[in-house]
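# Observations on chain architecture
The primary structure of each chain is shown beneath.
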Amino acid sequence: MSILNKSTLSELPSDIQVPQYNRDEIKVGIFHFGVGGFHRSHQALLMDNLYTQGLAKDFGICGVNILPFDKKMSDVMKSQNNLYTLVEKPNDGNFTYRIIGSIVDYMFALDDVDALIERLTGDEAKIVTLTITEGGYNTNPANGEFNLNNQAVQDDIKNLKHPKTVFGIICEALRRRKERNLRGFTILSCDNLQGNGKIAKKSFTAFAKAVDPSLYEWM
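On a predicted model such as this, the values are computed, not experimentally measured, just so you know. (Residues numbered from 1 in each chain as written. Predicted model: local features only at pLDDT ≥ 70, side-chain atom pairs only at ≥ 80, totals over all residues. Heavy atoms only, no water.)

## As for the sheet that holds strand β4 (residues 84-88)
The pairing of strands in a sheet happens through backbone hydrogen bonds and is either parallel or antiparallel. As a reminder, the rule being used: A pair of strands is labelled paired if DSSP reports no fewer than 2 bridges between them. Counting from the N terminus, the helices are DSSP H or I runs at least four residues long and the strands are E runs at least two residues long. Any two residues whose heavy atoms approach within 4.5 Å are treated as being in contact. Structural elements are reduced to axes, namely lines fitted to C-alpha atoms, with helices fitted over the stretch in contact, and the angle between N-to-C directions of any two is expressed from 0 to 180 degrees.
Spatially, β1-β5-β4 is the arrangement adopted by the three strands of the open sheet, whose pairing is mixed. With partners counted over all chains shown, the strands left at the sheet margins are β1 (16-17) and β4, one partner each. Helix-sheet contacts for helix α3 (residues 43-52) involve β4 and β5 (96-100), and the interaxial angle to β5 is about 80°.

## A look at the packing of helix α7 (residues 166-179) against helix α8 (residues 196-211)
Note the threshold: Working rule for angles: under 35 degrees goes down as roughly parallel, over 145 as roughly antiparallel, 65 to 115 as roughly perpendicular, anything else as oblique. The crossing is said to be left-handed when, going from far helix to near helix, the turn is anticlockwise and less than a right angle, and right-handed when the turn is clockwise. When residue character is reported, Ala, Val, Leu, Ile, Met, Phe, Trp, Tyr, Cys and Pro are called nonpolar, Asp, Glu, Lys and Arg charged, and the others, Gly included, polar.
Here α7 crosses α8 at 70°, and the two axes come no closer than 10 Å. As summarised for this structure, α7 and α8 are arranged roughly perpendicular, according to the angle between their axes. Here the hand of the crossing between α7 and α8 comes out right-handed. Here α7 contributes V166, F167, G168, I170 and C171 to the contact with α8, which in turn contributes S203, F204, F207 and A208. Looking at the contact of α7 with α8, its residues break down into seven nonpolar, two polar and no charged.

## Remarks on unusual backbone geometry
Operational definition: The classification of residues rests on relative accessible area computed with a 1.4 Å probe and restricted to protein chains. Under 20% of the type maximum is buried, over 50% is exposed, and intermediate values are partly exposed.
One non-glycine residue, N82, lies in positive phi territory at about 65°. Within the element layout of this structure, N82 appears in the loop between α4 (71-79) and β4. The buried category is assigned to N82, whose relative accessible area is 8%.

## So, α4
The test is simple: It is the directions from the helix axis to the C-beta atoms whose arc is reported.
Along α4, the residues that are buried comprise M73, S74 and M77. The arc that holds the buried residues of α4, viewed along the axis, is 100°, so those residues lie on one side. On the buried face of α4, the contacting elements are α2 (37-41), β3 (60-65), β4 and β6 (103-108).

## Description of the sheet that holds β3
Spatially, five strands are ordered β6-β3-β2-β7-β8 in an open sheet, and the strand pairing comes out parallel. In this open sheet, the two edge strands, each paired with only one partner strand, are β6 and β8 (186-189). Between one strand axis and the next, the sheet turns through 25° on average, direction left out of account. In the packing of α3 onto the sheet, the strands contacted are β2 (28-33), β3, β6 and β7 (127-130), and the crossing angle to β3 comes to about 160°. Taken strand by strand, helix α5 (residues 113-121) contacts β2, β3, β6 and β7, and its axis lies near 135° from that of β2.

That is the geometry; function is a separate question.
Right, here's the structure in full:
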């Protein structure tokens, strides 16, 4: 079945597990950058488990992708009401099939980056999680420092109101929150990197410092 929505869920075979909660009750609280296979089979699964237990209903996931090649993912997620099938193979070798409903919203930055930033500026953005790969943090492998000479980074520093990088989008949202006397949100790296929190902190604060030292201090 290529299309998943409310009506087709009830038509699925009984051996396919479907969300056991009302997705309309799940409110966005997490914006996740990098909706790939790793996120969909790990973080999204864990949140799906919590909703099934009646927990964390204010921490639904809004998936975010920002690169041109993510257009296919954007089209698929939107066509399936952000539902997808997770296939698991336990030790007994028998495959299990489960529809995951924890991604309750999705935004493709290239459609309207300002709309994404405004969502991140609002109260619903409590946590921003990341699976952007090791290279996504734009660090110099020799010394671990943030690469300010990256052309895309330089473009965003010069034109922060129309950013294209994850650093520009998130820091512009934080700049607007600072300007509007709102609290910041948590930036949480979920990438398989040793010391991933420290790496994320170094990258985002280095970008912010290059844009505006007062933003860096606020962060």
